[in-house]
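# Per-entry structural report
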Amino acid sequence: MGFWIFMLLMNEIVPFTMIGFGKLFLNHAPDEINMVFGYRTRMSTKNKDTWEFAHKYCGRLWFIWGWILLPISVIPMFFVMGQSEDMVGNVSAMICILQCVFLVGSIFPTERALRRNFDENGLRREENEKIIDKDKRKQRSKGACDREDEKNHEARNDWGRKI
């Protein structure tokens, strides 16, 4: 029974860690971009904006997934209460593997969200779109003036006088 209690407590470390750090990262990212603490990938460390976005996004995932993993980690343990230590150990190992899948798996949606919201230089895509739209409007207005000049030129040639 002592081993079962120990394994039950050990299985709760990952969900509680995800809930705690999820809440922490959801509220604020570490102040400085560093290589020691926080969500650190090439994309998340581009600048302060990507750093904060990645922590907020990953923090939300960890917080939600931690609460989901909590009962998933406890309930199977009650089915092996009173079983052999081998059985308790095997079930705990499967729970641990599942927890690691969720913990490490949070990298993929976070990186996808970073790539959806930021370009490869770490600039927000909406800001880039505004800049591109501004340039396109300038080109369109310039193009419209050029087309108008062509029409006026053709009209002068057709009528032989200036419009």
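Report on the accompanying structure. (Residues numbered from 1 in each chain as written. Predicted model: local features only at pLDDT ≥ 70, side-chain atom pairs only at ≥ 80, totals over all residues. Heavy atoms only, no water.)

Attention now moves to the packing of aromatic side chains. Inspection of every chain in the model, using the stated rule, returns nine aromatic pairs. With 6.1 Å between their ring centres and 20° between their planes, phenylalanine 53 and tyrosine 57 make a pair best called stacked. Residue phenylalanine 53 and its partner tyrosine 57 are both found in helix 3 (residues 48-79); the two are separated by four residues, about one turn of the helix. The structure contains a cluster of three or more aromatic residues connected by ring pairs, namely Phe21, Phe25, Phe37 and Trp62. Here the guanidinium or amino end of lysine 23 rests over the ring plane of phenylalanine 63, the centre of that ring lying 5.6 Å away. (Phe/Tyr/Trp six-rings, centres within 6.5 Å; stacked < 30°, edge-to-face > 60°. Helix = DSSP H or I, 4+ residues; strand = E, 2+ residues; numbered from the N terminus. Lys NZ or Arg CZ within 6 Å of the ring centre and 35° of its normal.)

Turning next to the side chain of serine 44. Looking at the secondary structure, you find serine 44 in the loop between helix 2 (13-27) and helix 3. A polar contact of 3.0 Å, which involves the side chain of serine 44, links it to the backbone oxygen of tyrosine 39. Not counting the four nearest positions on each side in its chain, serine 44 is found in contact with Tyr39, Thr50, Trp51, Ala54 and Leu114. (Polar contact = N/O pair within 3.5 Å; in protein donor to acceptor, adjacent residues only side chain to side chain. Contact = heavy atoms within 4.5 Å.)

Turning our attention to the environment of cysteine 96. Here cysteine 96 shows up in helix 4 (residues 85-105). Counting along the chain gives 23 residues from cysteine 96 to serine 73, while the straight-line C-alpha distance between them is 8.3 Å.

Glancing now at helix 4. With 21 residues, helix 4 extends 29 Å from end C-alpha to end C-alpha; this agrees with the ideal 30 Å at 1.5 Å per step. Residues Val88, Val91, Ser92, Ile95, Gln99 and Gly105 constitute the buried set of helix 4. Taken down its axis, helix 4 places every buried residue within 160° of arc, on the same side. Exposed and oriented more than 90 degrees from the buried face of helix 4 are Asp86, Met94, Ile97 and Val101. Looking at the buried positions of helix 4, the neighbouring elements they touch are helix 1 (2-11), helix 2, helix 3 and helix 5 (107-117). (Expected span 1.5 Å × (residues − 1). Buried < 20%, exposed > 50% of the residue type's maximum accessible area, 1.4 Å probe, protein only. Arc of directions from axis to C-beta.)

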